[in-house]
Amino acid sequence: MNQAEVVKLMSQLKVAIRPRHRNLKNIDGPEGRLDKLRKTVTALIKHERIELNYQRADEARGYAERLISDAIRYGDCHKPTMEIADYWLTEKQLVHKLFKVLAPRFEEYKVSATRMYKAPKEYLGWYRKRAVLELRGNPYPSLVQNLYQNRNLLHNVLLDDARKDFRKEKYAEIAAQIGDQVEQNTTSFETDVFGEPSMEPNNPESAELIRGQHDEGAPADYETLTESTELMEEQENIPPLPQDTKTEDGKMKLKRSGTKRLLTGSDSDPNLCQAKIGRWDQNARNKMSKI
């Protein structure tokens, strides 16, 4: 007999079993502990759903799984299995249910035959944990709601579509508000920094601004620059630029860096005239650099 055949002779439980049994105290000792577990397994086979303490439910679950597994593997013609069923089921009419009802039900199951849930607390305070132990496929309503099939109902499908349309409308409104806010912030930023609207092709304000600059003339040529210089000199009481004229005696005409200055009789000294012209040129360069 090889290892594969030996494995077939052993019951394979589909639940986790503790390495050591739980310490269920009883005044009758070990016999009273086993009697309580026998009553629990019998109640589970009979009612298929019971509520009890968590420790006792976890301990009795392993014995119930082993009993159902042996009934499926060996059947009702196996004497040791019949003796085990007769020991654990205190009500003898449940032996027939074990082999004729539960064994065929769980024969094709790939999961455990039992299911255990933690029961909710009824009120605040400390007390022992409760649990619900049941057999799979019982006739009672499910303790856990299965909402997967409800999505295919007509009213749920219509509600889902209406929810999607509502979200699309809200997203479009939010996007429009964000776009308007960004445009306003951009316009205000350009106005604060540059003092004028941006030069966009489709912007009517930009077209009027460009047209006004062409009509008035931008200060880019020498004539406009000279006019601006004269205006500044008048405001600051600076003597105007000299014209192309001669002195009163018609004998002296000084030139320096493209500028001309009219000399009076008191400026007959050439060195004094040269110093005055140098100071005027320096002031003129300072004013031009500010422009």
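Residues numbered from 1 in each chain as written. Predicted model: local features only at pLDDT ≥ 70, side-chain atom pairs only at ≥ 80, totals over all residues. Heavy atoms only, no water.

Enquirer: Which residues make up a negative patch on the surface, and what values go with them?
Expert: Taken together, the side chains of Asp161, Asp165, Glu169 and Glu173 define an acidic patch exposed on the protein surface. Looking at the secondary structure, you find Asp165 in helix H6 (residues 154-194). A residue is classified by how much of its surface remains accessible, and Asp165, at 43% relative accessible area, is partly exposed. (Patch = residues over 30% accessible without salt bridge, like charges linked within 9 Å, V, L, I, M, F, W, Y side chains within 5 Å. Areas by Shrake-Rupley, 256 points an atom, 1.4 Å probe, with all protein chains shown as cover. Salt bridge = Lys/Arg side-chain N within 4 Å of Asp/Glu carboxyl O. Lys, Arg positive; Asp, Glu negative; His and termini not counted. Charge placed at Lys NZ, Arg CZ, Asp CG, Glu CD. Helix = DSSP H or I, 4+ residues; strand = E, 2+ residues; numbered from the N terminus. Buried < 20%, exposed > 50% of the residue type's maximum accessible area, 1.4 Å probe, protein only.)

Enquirer: I'd like to hear about the sheet that holds strand S3 (residues 130-135), residue by residue, with values.
Expert: Within a sheet, neighbouring strands are paired by backbone hydrogen bonds and run either parallel or antiparallel to one another. Judged by pairing direction, the sheet is antiparallel, and its three strands sit side by side in the order S1-S3-S2 without closing on themselves. Each edge of the open sheet is held by one strand with a lone partner, namely strand S1 (49-53) and strand S2 (114-118). Strand-to-strand twist of the sheet, defined as the mean angle between neighbouring strand axes without regard to direction, takes the value 25°. One ladder, built from five bridges, connects S1 with S3; its direction is antiparallel. Its bridge partner lying in S3, Arg49 is registered against Glu134. Contacting S1, S2 and S3, helix H2 (residues 30-47) runs over the sheet at an angle of about 150° to S1. Relative to the sheet, helix H3 (residues 54-74) contacts S1, S2 and S3, its axis offset from that of S2 by approximately 170°. (Pairing = 2+ DSSP bridges. Axes fitted to C-alpha atoms, helices over the stretch in contact; angles between N-to-C directions. Contact = heavy atoms within 4.5 Å.)

Enquirer: Could you give an account of the packing of aromatic side chains, naming the residues involved and the relevant values?
Expert: Applying the stated criterion to the full structure yields three aromatic pairs. Relative to Trp88, the ring of Tyr87 lies with its centre 5.6 Å away and its plane at 85°, an arrangement referred to as edge-to-face. Judged by its relative accessible area of 37%, Tyr87 is partly exposed. A residue is classified by how much of its surface remains accessible, and Trp88, at 11% relative accessible area, is buried. Pairing Phe106 with Tyr109 gives two aromatic rings, centres 5.1 Å apart and planes at 85°, and the pair type is edge-to-face. Under the relative-accessibility criterion, Phe106 is labelled buried at 5%. Take Tyr109: its relative accessible area is 30%, and that puts it in the partly exposed class. Put simply, the rings of Tyr63, Tyr87 and Trp88 pair up and form one aromatic cluster. Positioned above the aromatic ring of Tyr87, the side-chain terminus of Arg38 is 4.6 Å from the ring centre. (Phe/Tyr/Trp six-rings, centres within 6.5 Å; stacked < 30°, edge-to-face > 60°. Lys NZ or Arg CZ within 6 Å of the ring centre and 35° of its normal.)

Enquirer: Hey, could you go over the nonpolar core for me, with residue numbers and the actual values?
Expert: Val41, Ile45, Leu89 and Leu98 are the most contacted members of the largest nonpolar core, which has 28 residues in total. Within the residue set of this core, elements represented by two or more residues are H2, S1, H3, helix H4 (79-88), helix H5 (94-105) and S3. Looking at this core, the element that brings in the most residues is H3, giving seven residues. Excluding residues within four positions of it along the chain, Leu98 makes contact with Leu67, Ile68, Ala71, Ala85, Leu89 and Ala103. (Core = buried A, V, L, I, M, F, W, Y, C linked by side-chain atoms within 4.5 Å.)

Enquirer: Quick one: what's the story with the confidence of the model for the protein, residue by residue and with numbers?
Expert: Of the residues in the protein, 61% reach a pLDDT of 70 or more, and the chain-wide mean stands at 75. Low pLDDT, under 50, characterises residues 213-222; the predicted model gives this stretch five contacts beyond four residues in sequence or across chains. Contacts for the low-pLDDT stretch residues 243-268, under 50 throughout, to residues beyond four places or in other chains number 40 contacts. (pLDDT = per-residue confidence, 0-100.)

Enquirer: So what's going on with the pattern of salt bridges? Residues and values would help.
Expert: Tallied over the entire structure, the rule returns twelve salt bridges. For Asp58, the salt bridge goes to Arg22, with nearest N and O atoms at 2.8 Å. Taken together, the residues span a long stretch of sequence, with Asp58 in helix H3 and Arg22 in the loop between helix H1 (3-8) and H2 at a distance of 36 residues. Residue Asp58 shares its accessibility class with Arg22, and that shared class is buried.

Enquirer: Tell me about the side chain of Arg38, and name the residues and values.
Expert: Within the secondary structure, Arg38 is located in helix H2. Arg38 gets classed as buried once you look at its relative accessible area, which sits at 19%. Apart from residues no more than four positions distant in its own chain, Arg38 is found in contact with Tyr87, Trp88 and Thr90.

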